[in-house]
Amino acid sequence: MDNFSTMIVGVGGQGTLLASRIIGTAALKKNFDVKVSEVHGMSQRGGSVTTYIKYGRMIHSPLVEKGEADIILAFEKLEALRWTDYLKDDGMLVINDQEINPMPVITGKAKYPLNIVENVSRKYKNIIVLDAMSIAKECGNIKAVNSVLLGVMAAKTAIEKQIWDEAISEIVPGKLLKVNVASFEAGYNAF
Amino acid sequence: EWSPNEKVALEVTLGASIAGARALCSMKHVGLNVAADPLFTAAYTGVNGGLVLAVADDPGMHSSQNEQDSRYYALAAKVPMLEPADSQECLDYVKQAYGISERFDCPVIVRLTTRVAHSQSIVQTGEKADYQLKNYLKDLTKYVMLPANARGRHLAVEKRMAALKEYSETVNLNSIEWGSKKIGVITSGIAYQYAKEALGGVSFLKIGMVHPLPENLIASFASEVETLYVIEELEPFLENQIKKNGIKVLGKELLPVTGELSAQLIKEKILGVKAEDRETLAVNIPVRPPVMCPGCPHRGLFYVLGKLQLNVSGDIGCYTLGALPPNEAMDSCICMGASIGMAHGMAKARGEQFGQKTVAVLGDSTFIHSGITGLIDVVYNKGTTTVIILDNSTTGMTGHQHNPATGYTIKGEVTKQVDLVKLAEAVGVERVSIADPFDIAELEKIVKEETAAAEPSVIISQSPCALLKDVKPGKALKINPEKCKKCRRCLAIGCPAIVDQGDFMEVNEAMCAGCGLCTKVCNFKALETAAGEKAGDING
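The rules behind the values
Residues numbered from 1 in each chain as written. Chains lettered and ligands numbered in written order. Predicted model: local features only at pLDDT ≥ 70, side-chain atom pairs only at ≥ 80, totals over all residues. Helix = DSSP H or I, 4+ residues; strand = E, 2+ residues; numbered from the N terminus. Rg over C-alpha atoms; globule rule 2.2 N^0.38 Å. Buried ≥ 20, exposed ≤ 12 C-beta atoms within 10 Å, placed from the backbone. Contact = placed C-beta atoms within 7 Å. Pairing = 2+ DSSP bridges. Axes fitted to C-alpha atoms, helices over the stretch in contact; angles between N-to-C directions. Nonpolar A, V, L, I, M, F, W, Y, C, P; charged D, E, K, R; others polar. Core = buried A, V, L, I, M, F, W, Y, C linked by C-beta atoms within 7 Å. Expected span 1.5 Å × (residues − 1). Parallel < 35°, antiparallel > 145°, perpendicular 65-115°, else oblique. Left-handed = near helix turned anticlockwise from the far one by under 90°.

(A) Representation of the overall build of chain A. Along chain A, the regular secondary structure elements total 8 helices and 6 strands. Listing each helix as α and each strand as β along chain A from the N terminus yields β-α-β-β-β-α-β-α-α-β-α-α-α-α. Taking 2.2 N^0.38 as the reference for a compact globule, 191 residues should give roughly 16 Å; the C-alpha atoms of chain A span a radius of gyration of 16 Å, in line with that estimate. Its C-alpha atoms give chain A principal-axis dimensions of about 50 × 35 × 35 Å. Taken across its 191 residues, chain A has 52% of its residues classed as buried. A separation of at least 24 residues holds for 66% of the contacts in chain A among residues at least 6 apart in sequence.

(B) Local environment of the overall build of chain B. Scanning chain B from terminus to terminus reveals 19 helices and 19 strands. Here the C-alpha coordinates of chain B stretch approximately 80 × 65 × 50 Å along the principal axes. Across the 540 residues in chain B, those meeting the buried criterion constitute 48%.

(C) Structural context of the pairing of strand S2 (residues 51–57) of chain B. Residues and elements named next belong to chain B. Most of S2 sits inside the fold, with 7 of its 7 residues counted as buried. Taking every second residue as pointing to the same face, both faces of S2 are buried, with Leu 51, Leu 53, Val 55 and Asp 57 on one and Val 52, Ala 54 and Ala 56 on the other. Direction of pairing for S2 relative to strand S4 (residues 108–113): parallel, over a ladder of 6 bridges. From the neighbouring strand, Ala 54 faces S4, where its bridge partner is Val 110.

(D) The arrangement of the sheet that holds strand S1 (residues 4–11) of chain A in detail. Strand order in the open sheet formed by 7 strands is S6(A)-S5(A)-S4(A)-S1(A)-S3(A)-S2(A)-S5(B), with mixed pairing between adjacent strands. A single partner strand is all that each edge strand has here, and the edge strands are strand S6 (127–130) of chain A together with strand S5 (119–121) of chain B. For this sheet the average axis-to-axis angle between neighbouring strands, irrespective of direction, equals 15°. Note: strand S5 (residues 87–96) of chain A against S6 of chain A, 4 bridges, orientation parallel. In the sheet register, Asn 96 of chain A faces S6 of chain A, and the bridge partner there is Leu 130 of chain A.

(E) Examining the interface of chain B and chain A more closely. The partner chain A presents 43 residues to the 39 residues of chain B that form the contact. When residues of the side of chain B that touches chain A are traced back to their parent elements, those giving at least two are helix H6 (114–117), S5, helix H9 (189–199), helix H12 (263–271) and strand S17 (498–500) of chain B. Looking at the side of chain B that touches chain A element by element, the count peaks at 4 residues for H9 of chain B. Residue composition of the side of chain B that touches chain A, by class: 21 nonpolar, 11 polar and 7 charged. Both strand S2 (residues 33–38) of chain A and S5 of chain B contribute to a ladder of 3 bridges, which runs antiparallel. Pairing of Lys 35 of chain A across the sheet is with Ser 121 of chain B, part of S5 of chain B.

(F) Molecular detail of the nonpolar core. Residues and elements named next belong to chain B. With 72 residues, the main nonpolar core has Ile 388, Ile 498 and Cys 518 as its most contacted residues. Ranked by residues supplied to this core, first place goes to helix H14 (residues 338–350) with 6 residues. Among residues more than four places away in sequence, those in contact with Cys 518 are Leu 477, Cys 490, Ile 493, Cys 495, Ile 498 and Leu 527.

(G) Quick look at helix H8 (residues 147–170) of chain B. Residues and elements named next belong to chain B. Over its 24 residues, H8 runs 35 Å from end to end, which matches the ideal 34 Å to within 8%, given 1.5 Å per residue. If you check which residues of H8 are buried, you get Arg 153, Leu 164 and Ser 168. Tucked into the core, H8 has its buried residues touching helix H3 (36–45), helix H5 (87–104), helix H7 (140–143) and strand S9 (209–211).

(H) Summary view of the packing of helix H5 (residues 132–139) of chain A against helix H8 (residues 174–188) of chain A. Residues and elements named next belong to chain A. The interhelical angle for the contact between H5 and H8, taken along N-to-C directions, is 135°, at an axis separation of 9 Å. Put simply, H5 runs oblique to H8. As H5 packs across H8, the resulting crossing turns out to be right-handed. Each of Ile 135, Ala 136 and Cys 139 in H5 lies in contact with H8, whose residues at this interface are Val 179, Ala 182, Ser 183, Ala 186 and Gly 187. Along the lines of polarity and charge, the residues of the contact of H5 with H8 split into 6 nonpolar, 2 polar and no charged.

(I) How the structure looks around the sheet that holds strand S11 (residues 311–313) of chain B. All names here are of chain B. Strand order across the open sheet formed by 5 strands is S11-S12-S13-S15-S14, with parallel pairing between neighbours. A strand with exactly one partner marks an edge of an open sheet, and here the two such strands are S11 and strand S14 (431–435). Neighbour to neighbour, the strand axes of the sheet diverge by 25° on average, direction disregarded. Pairing between S11 and strand S12 (residues 358–363): 3 bridges, direction parallel. If you follow Ser 313 over to S12, its bridge partner there is Ala 360. Sitting on the sheet, helix H13 (residues 298–307) is in contact with S11, S12, strand S13 (386–391) and strand S15 (457–462), with an inclination near 155° to S13. Contacting S12 and S13, helix H16 (residues 364–380) crosses the sheet at an angle of about 140° to S12.

(J) How the structure looks around H9 of chain B. All names here are of chain B. Burial analysis of H9 places 11 of its 11 residues in the buried class, the great majority of the element. Where H9 is buried, its residues touch S4, H6, strand S7 (180–187), strand S8 (202–206), strand S10 (227–231) and H12. One or two positions beyond H9, positive phi appears at Gly 200, with a value near 45°.

(K) Local environment of the packing of helix H1 (residues 16–29) of chain A against helix H7 (residues 161–171) of chain A. All names here are of chain A. One can describe the packing of H1 onto H7 by two numbers: an axis separation of 9 Å at closest approach and a directional angle of 130°. The angle between the axes of H1 and H7 places the two elements in the oblique class. Here H1 and H7 pass one another in a crossing that is right-handed. Here Leu 18, Arg 21, Ile 22, Thr 25, Ala 26 and Lys 29 of H1 lie close against H7, whose contacting residues are Ile 163, Trp 164, Glu 166, Ala 167, Ile 168, Glu 170 and Ile 171. A class-by-class count of the residues in the contact of H1 with H7 yields 8 nonpolar, 1 polar and 4 charged.

See below:
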């Protein structure tokens, strides 16, 4: 199999790290070479954040560059738009239908872009939009948004369901496991 | 353990080493500037137990104030430096660094860059080896760097570097991967990964020991390839040394000395293969800069500083965000602890009136790191600077580490807590006050009084970081549309939870921490708790 590149994009504090660790662990279980890379720091404070997960026979660069991502998992809509150029032409874009206003929008200096989904749909055909927050809420915890999105993504990869289940139970802390498994299942079976 | 600063960290490490233990300290590039003093002389004394210093550079400045290239420290201080390219090599190289340190009797630097330090890749772990503490031997000629002894040690350093140079010719850290000999690439660290991805089947000389360089190995590699490139991030460190030996090589003629490299960039510059022009969808979209969190105790202070239009000498931490709109209440930010000395210098240069409009602002851990020496300078040299210490009970920006002002160790054990008030008094500051940054009326009064005083003063703006576990958020506020006059005064505090919807103002309830700071700036009492009660006194 060719190397598989995933990007998780979102806003600092949305909990993208857990999702990236689960993807990394699942890929490890398949005996792939894996690199997970993310930069903390200033970006942690409500800024735009990106995580790269690459797996395959042999991974050199930990970075995903423009036009290279097989899947982008966008935890927020504006961030989906910001990073779309990193998607392969036939790549898949999973968008959580949530808007978090950045500071220039909050202060009225800029407008939150309208019609983001329509806009990206002009160029990319493989797009899934979902209200992961509502699904997570139905599963018992609004914070399990990341597991819902992870589930959607997992269903589209070559890694078997059982491996994903094992990876989740290894990474997610005990008391949160149940709600995260339920959220993952909901995402996995949604599309 | 956490040290207050990098100089102390290296000194503790060196002490442990001389006492017979293997020891390691870690820091970022700018921290190595602070630790440079002991480093240069530790190169003379050498070690007893192995000593490794791990330093991470930040090409691209993801979270740093400069992108200096720490490899020059190895050259300048005359110590060996290794550079791993992934997580496995981080483990392997550190192990090997201890061997080198003890065999050649010197500190060893392991250099990382952001993309190695902040990435995870597969690691095969080994067995933990037992290490016997070495004997502690008093050896004045080796460890007491009086000039007479130091002269002898400098000769030892030169001898050691010659031996290390020979060692580097054959050590497994430097390796050749033969491919097509049309192109040869000399590279190291993360740049190796980018180059490997971009150029695949060409020949590589991967340098794991970046100082001292294996000159003969490089020359023989160079002689076998048609065109030789050096691919390295930041400065032409390898390149200049290779060129010095008369070897023809291409490097910074093609690649930038600023920012990070990438596989696509290398393809473009070396092979002339430009990534296809892609129609970009991300045009004219709002940026998402980092912002102080809802409930952040720094917000109230920067609102006051902005309102009073003071000259603000800033420092390194979350609070550097005070320089951003809407408050833009910071004029300079250089390095940890610089705020105080710089405020003093500004006042000395421009006189009393300017001095009374000038404050230094820095966090508690930054003050402990190297702000205290600046404060001593202000007092000693009869300055009148007002220093505002943002005491949020933690080291916020880097992820909530403890520090000597929090009263807990790295392991979370209770320890003595630095008493900032007593400390300021002890160095001779007679005006020390504690202020609540959520009580902005009182804070403004204190700032006005202290800046006007013709003597040094310290204001401790005290309230814990909103992200600390035991800080419980208050009830989310709402804007009562009947009371709101849409004057937008609430936007002056720059809270991400208050949203300008154009026709009306709104609080994002999911985000609001209920700190109530906004109620202090609203003239119409339009901000209320969800229950409809008045919310002016949430934080006292």
